[in-house]
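# Reading the structure
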Amino acid sequence: AKSRGRNMLCFFDLGMQAAATARSALEADIRAGLQRDEFLLHYQRVVDADGAMLGAEALVRWRHSERGMVPPGEFIAVAEQTGLILPLGRRVLREACQQLAQWAREPACAHWTLSVNVSAQEFRHPGFVQQVLDVIAETQADPRRLKLELTESLLLHDVEDTIARMRMLRARGVGLSLDDFGTGYSSLSYLKRLPLSQLKIDQSFVRDVLTDPSDAAIACTVVALANSLGLDVVAEGVESDGQRDFLLRNGCRRFQGYLFGRPGPASALRAADTEPPSR
Ligand code: C2E
Ligand code: CA
Ligand code: CA
Ligand code: CA
């Protein structure tokens, strides 16, 4: 048993070593990708009860020279672990604000809002608030049309500092949305204290909302909670009419998901808006 234990330990070490090697290869690759400007944004529409466009969420993509279009699930975690999320996040925010300012110049899109995902590591960085304000000033984006999507992991660290930063952004008109709501650590007492403007119902609750009574109960509770706290609420991951109709009947008025459109380049978003989504 003892020698087997030693072998297992050895095997485990090799596995860890392989993982660390893969991770540092990816880190170097992300760094090179940043230098080569290979990161871009796709946009997914957010619609109202009638399917009309309210705005979009910006989702980062990596146009990799060998691997093609790489989704964020394959690099965001390593970017967060290595600090590369900071330069990456700056690019994302700048491109998003440039897009927002562009829409503001076109009458058909002038009212659209744009949501940008912000990792906890970015939000906690000392220069973050000033960086957001600088990018807004530089791009002339309307801060009231910008929403930052934050996650509950922010609450694992200094909550007072987080709230202070949130207040500074809200004071300038920037919207703050709590993403993936219900999947994290937040207690309801925090929710009361955070200066949020929106909650997003996580897609894990939307997926089986018609068949799983617990998911339905959670989704409905989040909608009711948001409505009674005076927050907007968006259901994400809506793929079917049935899901949309159920959420609508239960007071949700904002939707995002493949039913309304997949993430794509900004040009596709605008083109698709000339025709209402078919249901
Ligand atoms: P998220 O913020 O929860 O974004 C929603 C994800 O669900 C997106 O995946 C989107 O493409 C996908 N999605 C949208 N509608 C549907 C649907 O109807 N069904 C299903 N099954 N999926 C749907 P994506 O683009 O791969 O992004 C994954 C995650 O990566 C995001 O989850 C977000 O946490 C992170 N992420 C994306 N862009 C950024 C970014 O610019 N910065 C940071 N920090 N994180 C980002
Ligand atoms: Ca999001
Ligand atoms: Ca989400
Ligand atoms: Ca998510």
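The paragraphs below set out a description of the structure included in this document. (Residues numbered from 1 in each chain as written. Chains lettered and ligands numbered in written order. Predicted model: local features only at pLDDT ≥ 70, side-chain atom pairs only at ≥ 80, totals over all residues. Heavy atoms only, no water.)

### Quick word on the coordination of the calcium ion (ligand 2)
Where we set the bar: For Na, K and Ca the donor cutoff is 3.2 Å, while for all other metals N, O and S atoms must lie within 2.8 Å; water is not among the atoms, so some sites may look incomplete. Strands here are runs of E lasting at least two residues and helices are runs of H or I lasting at least four, both read from the DSSP assignment and numbered beginning at the N terminus. Only protein chains enter the calculation, and the probe is 1.4 Å; a residue is then buried if its accessible area is under 20% of its type maximum, exposed if over 50%, and partly exposed in between.
Every protein donor of the calcium ion (ligand 2) is accounted for by Glu-57 (OE), Asn-117 (OD1), Glu-149 (OE) and Asp-179 (OD), and the metal-donor separations fall at 2.1 to 2.3 Å. Positions of the donor residues of the calcium ion (ligand 2), expressed as sequence spacing, correspond to E-x59-N-x31-E-x29-D. A distance of 3.8 Å spans the gap from the calcium ion (ligand 2) to the calcium ion (ligand 3), which Asp-179 bridges by coordinating each metal. A residue pair is termed long-range when its members are at least 10 positions apart, and Asn-117 in strand β4 (residues 113-117) and Glu-149 in strand β5 (residues 146-150) qualify at 32 residues. Owing to a relative accessible area of 28%, Asn-117 belongs among the partly exposed residues under this scheme.

### Quick look at the site of ligand 1
Our working definition: Proximity is defined per residue: any heavy atom of the residue falling within 4 Å of a molecule or strand makes that residue near it. Here a polar contact is recorded for every N or O atom pair within 3.5 Å, except that within protein the pair must consist of a potential hydrogen donor and a potential acceptor, and residues adjacent in sequence are included only if both atoms are side-chain atoms.
For ligand 1, the set of nearby residues contains 22 residues, the closest of which are Gln-44, Arg-61, Ser-119, Glu-239 and Tyr-258. Between ligand 1 and Ser-119, the relevant distance is 2.9 Å, taken from a nitrogen atom to a side-chain nitrogen or oxygen of the residue. Contributing elements (two or more residues each) for the shell around ligand 1: β2 (53-64), α3 (85-104) and β6 (175-181). Take the shell around ligand 1: its biggest share by element is four residues, from β2.

### Looking at the packing of aromatic side chains
The geometry of an aromatic ring pair comes down to the distance between the two centres and the angle between the two planes. To keep things clear, this is the line we draw: Note on ring pairs: Phe, Tyr and Trp rings are taken, using the six-membered ring of Trp, and paired if centres are within 6.5 Å. Classes follow the plane angle, with under 30 degrees stacked, over 60 edge-to-face and the rest tilted. Look at NZ for Lys and CZ for Arg. If either is within 6 Å of the ring centre and within 35 degrees of the ring normal, a charge sits over the ring.
Under the criterion given, the structure shown has seven aromatic pairs. Ring geometry for Trp-103 against Trp-112: centres 4.9 Å apart, planes inclined by 80°, an arrangement best described as edge-to-face. Counting every residue linked through ring pairs, the aromatic cluster contains Phe-39, Trp-62 and Phe-75. Directly above the ring of Trp-62 sits Arg-67, whose terminal nitrogen or CZ lies 5.9 Å from the centroid. Here Arg-262 stacks its cationic end above the ring of Tyr-258, 3.8 Å away from the centre of that ring.

### Looking at the coordination of the calcium ion (ligand 4)
Protein-derived ligands of the calcium ion (ligand 4) are Asp-180 (OD) and Asp-180 (OD), with the metal-ligand distances lying across 2.9 to 3.2 Å. Here the calcium ion (ligand 4) and the calcium ion (ligand 3) are spaced 3.6 Å apart, with Asp-180 acting as a shared donor. By the secondary structure assignment, Asp-180 is in strand β6.

### Some words on the side chain of Glu-57
To be explicit about the condition: Any pair of residues with heavy atoms lying within 4.5 Å of one another is described as a contacting pair.
The residue Glu-57 is located in strand β2 in this model. In terms of polar contacts, Glu-57 uses its side chain to reach the side chain of Asn-117, at 2.8 Å. Polar side-chain contacts of Glu-57 include one of 2.8 Å to the side chain of Lys-200. Residue contacts for Glu-57: discarding those within four places in its chain leaves His-42, Tyr-43, Gln-44, Val-46, Leu-114, Ser-115, Asn-117, Glu-149, Lys-200 and Gln-256.

### Examining the pairing of strand β1 (residues 39-47)
Note the following rule: Criterion used throughout: strands pair if DSSP finds at least two bridges between them.
Most of β1 is tucked away: nine of the nine residues are buried. In β1, alternate side chains face the same way, and those of Phe-39, Leu-41, Tyr-43, Arg-45 and Val-47 on one face and Leu-40, His-42, Gln-44 and Val-46 on the other are all buried. Bridge analysis of β1 against β2 gives nine bridges, and the strand direction is antiparallel. Paired with His-42 across the bridge in β2 is Leu-59. Between β1 and β2, which pair antiparallel in sequence order, lie five residues; one of them, Gly-51, sits at a positive phi of approximately 85°.

In short, shape yes, function no, at least from these values alone.
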